[in-house]
Amino acid sequence: MSEIFSVFLLILLVTTAAAAIRTPNLFAAVMLMGIFSLLIAINFFLLDAADVALTEAAVGAGISTVLFLSALAFMDEYERARATRRLAPLGAVCVAGLLMGYASLYEPAFGDPSAPANSHLAPWFLEKTQTAVDIPNVITAILGSFRGYDTLGEVFVVFTAGIGVLFLLDAPKSDGLLTRDEGLRHYLIPRMVGRLLIPFILLYGLYVQFHGEYGPGGGFQAGALIAAAVILFTLLEGQDQSLRVLPQKVLTGFMVSGALLYASVGLVGMLKGGTFLDYNVLSSDPVSGQQIGIILIEAGVGLTVTGVLLSIFHAFVARGRGRSS
Amino acid sequence: MFDIAVQVISWVLMLSGSVFVVIGGIGALRMPDLYTRMHAASITDSLAPILIIGGLLLQSGFTLFSVKLVSILIFLLMSGPTASNALASAAMLSGYKTPEEERES
């Protein structure tokens, strides 16, 4: 049954991707990319990767669609027609696709217990999570503790991306903008329902943040959800009001302090006599030390992701509004 | 006996909800202009989730799942019509004209 559903989903995925490439209307392409992300999130969920599915749904279908739309606000809606037909890239893509299809013939079957992915490190992770970290969600233990270096790197990638966008587009300032952004303040129904939903979205974001040790979730997903709540507020009340509530300085502070919090957890571990990002020494009991470490670094991840996503969003919106100087 | 009755009612609810989703999909493709298409498509986010989640609620009984299902239903019932409202008013403000209005003017 789930195979039929998977095949159906994959056909839909290919169709949406083709439609997104073919359409000359950029707005339609953005919407199709959102649908694509949602479909691939369902696919991840069918493969039992709930954490990845949650990230893909929140970031891919939610935030990146909003970012694309805010970028589209100062662009033409239609793609310019190309004079040349690019046959060489098409050939390269087709050859690469055929090679990958050929390689997948030799892949072990899905869920095969003797496959290298399932017999090499996975048993060690499953066993160690129980004894060393003692939290139910193995994914969080791997991301936060066993592979903490990778996640630290990811946080700094997000942080660098945020700084890069702010350098290119300028941080938004409320003064000097040509237009006043009132959002949907004059549209009663969206405004009322949106205001009713925002607290619940924030609450759900915090739940995903602090429940990441027990269920799917963690800092990345929570950051995206909290950013989504603030973006909804911005759409309803306008950018001026949103920047009054959460000024750019605070958002930049979120970006910096999250990355710093993560790195300093590692340094505290070194000062207490362990190695970098070794949480065992954070508490007298190694297991609770691991749990403290994971909670702290997840909070750092959440802060950085929220700050970066909102800074990028505000920068795009401010640019779309134009500037007097 | 009671179990069988609950199962039958739940499947009837879920299947009829699915039928409404299909009807909404057909309507969104076949209707002549934006407003009538939205009218058809809005079945999929108002009536269909009530039926489908109602069926799923009968399957789950009184558990944590049913609380989650009810909160999803409340979210859908609030956000769906609001999104339709926002879409329709955005279409009207941007000067969208139905084919009929185009012919008249």
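Source: prediction; values computed, not measured. (Residues numbered from 1 in each chain as written. Chains lettered and ligands numbered in written order. Predicted model: local features only at pLDDT ≥ 70, side-chain atom pairs only at ≥ 80, totals over all residues. Heavy atoms only, no water.)

### Digging into the overall build of chain B
In terms of regular secondary structure, chain B is built from 5 helices and 0 strands. Starting at the N terminus and ending at the C terminus, chain B contains elements arranged as α-α-α-α-α. Seen along its three principal axes, the alpha-carbon backbone of chain B occupies a region of about 65 × 25 × 10 Å. Burial analysis of chain B (105 residues in total) assigns 22% to the buried set. Restricting to contacts in chain B with at least 6 residues of sequence separation, those with at least 24 account for 67%. When the accessible surface of chain B is totalled, it reaches about 7,100 Å², and 75% of it is carbon and sulfur. (Helix = DSSP H or I, 4+ residues; strand = E, 2+ residues; numbered from the N terminus. Buried < 20%, exposed > 50% of the residue type's maximum accessible area, 1.4 Å probe, protein only. Contact = heavy atoms within 4.5 Å. Areas by Shrake-Rupley, 256 points an atom, 1.4 Å probe, with all protein chains shown as cover.)

### Some thoughts on the overall build of chain A
Each helix and strand counted, chain A has 13 helices and 0 strands in total. N-terminal to C-terminal, the α/β element order of chain A is α-α-α-α-α-α-α-α-α-α-α-α-α. A principal-axis box enclosing the C-alpha atoms of chain A has dimensions of 60 × 50 × 40 Å. The buried share of chain A, reckoned over its 325 residues, is 38%. By sequence separation, contacts in chain A at least 24 residues apart represent 73% of the contacts at least 6 residues apart. Surface exposure of chain A reaches about 18,600 Å², of which carbon and sulfur atoms provide 70%. Computed over 18 positive and 23 negative side-chain charges, the inter-centroid distance for chain A is 15 Å. (Lys, Arg positive; Asp, Glu negative; His and termini not counted. Charge placed at Lys NZ, Arg CZ, Asp CG, Glu CD.)

### Regarding the nonpolar core
All names here are of chain A. Within the largest apolar cluster, 40 residues are counted, with the highest numbers of intra-cluster contacts made by I63, Y262, Y279 and L310. Where this core is concerned, the elements lending two or more residues are α3 (50-72), α8 (148-169), α10 (219-237), α12 (248-271) and α13 (286-321). Ranked by residue count, the leading element in this core is α13, at 12 residues. In this view, I63 contacts A58, A224, A227, A228, I231 and L309; residues no more than four positions away in its chain are not counted. Residues V193, L197, I198 and A229 belong to the second largest nonpolar core, which totals 6 residues. (Core = buried A, V, L, I, M, F, W, Y, C linked by side-chain atoms within 4.5 Å.)

### Let's talk about the packing of helix α2 (residues 34-41) of chain B against helix α4 (residues 64-93) of chain B
All names here are of chain B. One way to put it is that α2 packs onto α4 with a least axis distance of 11 Å and a crossing angle of 175°. Comparing their axes, α4 and α2 come out roughly antiparallel. Contact with α2, carried on its side by L34, Y35 and M38, involves S84, L87, A88, A91 and M92 of α4 and no other residues of that element. In terms of residue class, the contact of α2 with α4 is made up of 7 nonpolar, 1 polar and no charged. (Axes fitted to C-alpha atoms, helices over the stretch in contact; angles between N-to-C directions. Parallel < 35°, antiparallel > 145°, perpendicular 65-115°, else oblique. Nonpolar A, V, L, I, M, F, W, Y, C, P; charged D, E, K, R; others polar.)

### A closer look at the interface of chain A and chain B
Contact residues are listed per partner, giving 6 residues for chain A and 7 residues for chain B. In terms of surface lost to chain B, no three residues of chain A exceed P190, V193 and L197 of chain A, which account for 55% of the buried area on that side. Between chain A and chain B we count 0 salt bridges in total. Counting across the interface, chain A meets chain B through 0 residue pairs in polar contact (both at pLDDT 80 or more). (Buried area = accessible area lost by both parts, 1.4 Å probe. Salt bridge = Lys/Arg side-chain N within 4 Å of Asp/Glu carboxyl O. Polar contact = N/O pair within 3.5 Å; in protein donor to acceptor, adjacent residues only side chain to side chain.)

### Side note on the pattern of salt bridges
All names here are of chain A. All told, the structure shown has 3 salt bridges over all chains when counted by the stated rule. Here E237 and R195 are joined by a salt bridge, their closest N and O atoms 3.8 Å apart. Taken together, the residues span a long stretch of sequence, with E237 in helix α10 and R195 in helix α9 (residues 188-210) at a distance of 42 residues. In this structure, a network of salt bridges that share partners links the residues R191, R195 and E237.

### A word on the packing of aromatic side chains
All names here are of chain A. Applying the stated criterion to the full structure yields 8 aromatic pairs over all chains. Considering the side-chain rings of Y149 and F276, the 5.8 Å spacing of their centres and the 90° angle between planes classify their relative orientation as edge-to-face. One end of the pair, Y149, is in helix α8; the other, F276, is in the loop between α12 and α13, with 127 residues separating them in the sequence. By relative accessible area, which is 52% here, Y149 ends up exposed. Counting every residue linked through ring pairs, the aromatic cluster contains W124, F125 and F146. (Phe/Tyr/Trp six-rings, centres within 6.5 Å; stacked < 30°, edge-to-face > 60°.)

### Some points on a negative patch on the surface
Negative charge collects at one region of the surface, where E100, E101, E102 and E104 of chain B lie side by side. Among the structural elements, E100 of chain B can be located in helix α5 (residues 99-104). (Patch = residues over 30% accessible without salt bridge, like charges linked within 9 Å, V, L, I, M, F, W, Y side chains within 5 Å.)

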